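Topology and contacts: notes
Read off the chains here:
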Amino acid sequence: GENVEQHPSTLSVQEGDSAVIKCTYSDSASNYFPWYKQELGKGPQLIIDIRSNVGEKKDQRIAVTLNKTAKHFSLHITETQPEDSAVYFCAVGDGRRALTFGSGTRLQVQP
Amino acid sequence: GAVVSQHPSWVICKSGTSVKIECRSLDFQATTMFWYRQFPKQSLMLMATSNEGSKATYEQGVEKDKFLINHASLTLSTLTVTSAHPEDSSFYICSARDLERGGETDTQYFGPGTRLTVL
């Protein structure tokens, strides 16, 4: 089955700095790579996703890059704000089975 | 965006009782819904995949007789924890695939979760 590794497990940045979270996966058939943000006591919220036919996608301060050859993808958050503090999960899908999730990254943005 | 609701948001019950959790897709149809459980500071663990009109597919190690799943319509799936015990206390989250997005069949939207505490 698919194996997804996510790093780092915790990340602390100063407000206004950028944050980068990386994930690697094992199954070359995977073609869908979403990122979720989970705040304490809430369900995960889809913040951005990318499919295998695209190398980069951006939505305001959030961007995702994908390297299918190396089997890794990254979440980039620029100009971080305190409200960006949360746990972020990457996930990987292949169109057939349920998504496989990474272990999560706890992001703390210091004001 | 697509909205998924869960009810109740939290529940406290006595050991030995059964608890039902509802998951609804509010503004889209979902042929497939998923049920996850999450322990504190851990990732989401897939329990089962629920397809409308058919039996759920359970992940290895998940007792199907303890966690009953029913997916009676394209907008509703229920998870019943039968004879709950303290070790079943957890955060249960459902998600639904958006059928109308056609080829983009992987997009999953999550509900807000249900906190179950078994005394």
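For every chain, the first residue of the written sequence is number 1, and numbering continues from 1 along that sequence. Think of it this way: whatever chain is written first is A, whatever ligand is written first is 1, and the rest follow in order. This being a predicted model, a pLDDT of at least 70 is required before a residue's local features are given, and a value of 80 or more before pairs of side-chain atoms are given or counted; all residues contribute to the totals for chains, interfaces and linings. In computing side-chain values, all of the structure's heavy atoms are included and hydrogens and water are not.

We call a pair of cysteine sulfur atoms a disulfide when they lie within 2.5 Å. For the structure on display, the rule yields two disulfides over all chains. The side chain of Cys-23 of chain A participates in a disulfide bridge whose partner is Cys-90 of chain A; the two sulfur atoms lie 2.0 Å from each other. One disulfide, between Cys-23 of chain A and Cys-90 of chain A, carries an S-S torsion of -95 degrees and so falls in the left-handed class. In this pair, Cys-23 of chain A sits in strand S3 (residues 19–25) while Cys-90 of chain A sits in strand S9 (residues 86–92), placing the two residues 67 residues apart along the sequence. Assigned by exposure class, Cys-23 of chain A and Cys-90 of chain A land together as buried. Here Cys-23 of chain B connects covalently by a disulfide to Cys-94 of chain B, the sulfurs 2.0 Å from one another. Residues Cys-23 of chain B and Cys-94 of chain B are joined by a disulfide whose S-S torsion is about 80 degrees; by sign, that bridge is right-handed. Placement of Cys-23 of chain B in strand S3 (residues 19–25) and of Cys-94 of chain B in strand S9 (residues 90–97) is noted, with a sequence separation of 71 residues between them. Only protein chains enter the area calculation, which uses a 1.4 Å probe; residues under 20% of their type maximum are buried, those over 50% are exposed, and those in between are partly exposed. The exposure class of Cys-23 of chain B is buried, given its relative accessible area of 0%. Sulfur of Cys-13 of chain B: no disulfide; nearest cysteine sulfur belongs to Cys-94 of chain B and is 18 Å away. What counts as a helix is a DSSP run of H or I of at least four residues, what counts as a strand is a run of E of at least two, and both are numbered from the N terminus.

So, about the pattern of salt bridges. A side-chain nitrogen of Lys or Arg and a carboxyl oxygen of Asp or Glu constitute a salt bridge if their distance falls within 4 Å. Taken as a whole and assessed by the stated rule, the structure comprises eight salt bridges over all chains. A salt bridge links Lys-66 of chain B to Asp-88 of chain B; the shortest N-O distance between them is 2.9 Å. Of this pair, Lys-66 of chain B sits in the loop between strand S6 (57–58) and strand S7 (67–73) while Asp-88 of chain B sits in the loop between strand S8 (76–81) and S9, and the two are 22 residues apart along the sequence. Several salt bridges converge on common partners, so that one network encompasses Asp-27, Asp-94 and Arg-97 of chain A.

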